[in-house]
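# Residue-level structural notes
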Amino acid sequence: MDSVSFKMCSECVASYRDLEYDSNSDYSLNIMPFCSLVWHDEHPEDWYDHCCEECQLSIRHLSSARTALWRTGEIPDHYLIFWKNAKEAIPEWPGFKRLSLNKKELDSLDGCSEELDDMMGAITEEFPDVTVTDQGGGLTKFTAERDLSRKRWWQFWR
Ligand SMILES: [Zn+2]
């Protein structure tokens, strides 16, 4: 698999550097866009609305690399340079303090994939024209469009 590169604009880097680790923070299942667990201190509020597209992609890759680390105990080869560059750019990112999961968290992580599979099944039944885009690093983007308006109806990544 091709290596993924870390690209984030200085504004988004700054907003991620501003995040503060909170040891009491809770996690939640984030089906979209991460299909993973997310702690509440790990992303700026409304990051999804404010980040540039390229930065959003890097953040999704960051989550994906860490999810792989949780599952397998190591960062996949194609994410090694990405992971190193991300750590240089946002060394204090709260997410870097959570590099392993306990049993309960791992179970939650599995639940996340199952929910996404269920949702994917339901959506493709209703919207057969799903566009699948390979975004590198094993990350895939799914987009479905309404026939008439061609307006983006939903999209997600895994
Ligand atoms: Zn940005």
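Presented here is an overview of the structure given in this document. Just so it is clear, the model here is predicted, and its values are computed rather than measured. (Residues numbered from 1 in each chain as written. Predicted model: local features only at pLDDT ≥ 70, side-chain atom pairs only at ≥ 80, totals over all residues. Heavy atoms only, no water.)

Taken together, the protein ligands of the zinc ion are C9 (SG), C12 (SG), C52 (SG) and C55 (SG), with distances of 2.2 to 2.3 Å. Of note is the zinc ion, whose four donor atoms meet at the metal with angles of 103 to 123° in an arrangement that counts as tetrahedral. Spacing between the donor residues of the zinc ion along the chain follows C-x2-C-x39-C-x2-C. Remark: C52 occurs in the loop between α2 (47–50) and α3 (53–72) and C12 occurs in helix α1 (residues 10–17); sequence separation between them is 40 residues. On the basis of relative accessibility, which here comes to 6%, the residue C12 falls in the buried class. By relative accessible area, C52 is classed as partly exposed at 34%. (Donors = N, O, S within 2.8 Å, 3.2 Å for Na, K, Ca; no water. Tetrahedral: all angles 85-135°; square planar, octahedral: opposite > 155°, others 65-115°. Helix = DSSP H or I, 4+ residues; strand = E, 2+ residues; numbered from the N terminus. Buried < 20%, exposed > 50% of the residue type's maximum accessible area, 1.4 Å probe, protein only.)

This part covers the pattern of salt bridges. This structure, assessed with the given rule, holds six salt bridges. Of the charged contacts, one joins R98 and D41 as a salt bridge, the two residues approaching to 2.9 Å between their closest N and O atoms. Taken together, the residues span a long stretch of sequence, with R98 in the loop between α4 (80–89) and α5 (103–126) and D41 in the loop between β2 (36–39) and α2 at a distance of 57 residues. According to the relative accessible area criterion, D41 is buried, its value standing at 8%. Between D107 and K103 there is a salt bridge; the shortest N-O distance is 3.0 Å. Residue D107 and its partner K103 are both found in helix α5; the two are separated by four residues, about one turn of the helix. Salt bridges sharing partners connect three or more residues here, namely D41, E42, R66 and R98. (Salt bridge = Lys/Arg side-chain N within 4 Å of Asp/Glu carboxyl O.)

In this section: the layout of surface pockets. The computed volume of the second largest pocket comes to approximately 160 Å³. V38, H40, H43, P44 and W47 are the residues nearest the centre of the second largest pocket, which is lined by 13 residues in total. At the level of elements, β1 (27–30), β2 and α2 are the ones that each hand at least two residues to the lining of the second largest pocket. Class assignment for the residues of the lining of the second largest pocket results in seven nonpolar, four polar and two charged. (1 Å grid on protein atoms, 1.4 Å probe; cavity = no way out; pocket = protein on both sides within 12 Å on 5 of 7 lines; lining within 4 Å. Points joined across faces, edges and corners; volume = space filled by probe spheres on them. Nonpolar A, V, L, I, M, F, W, Y, C, P; charged D, E, K, R; others polar.)

Before going further, it helps to spend a moment on the side chain of H78. By the element assignment, H78 lies in the loop between α3 and α4. With a relative accessible area of 13%, H78 lands in the buried category.

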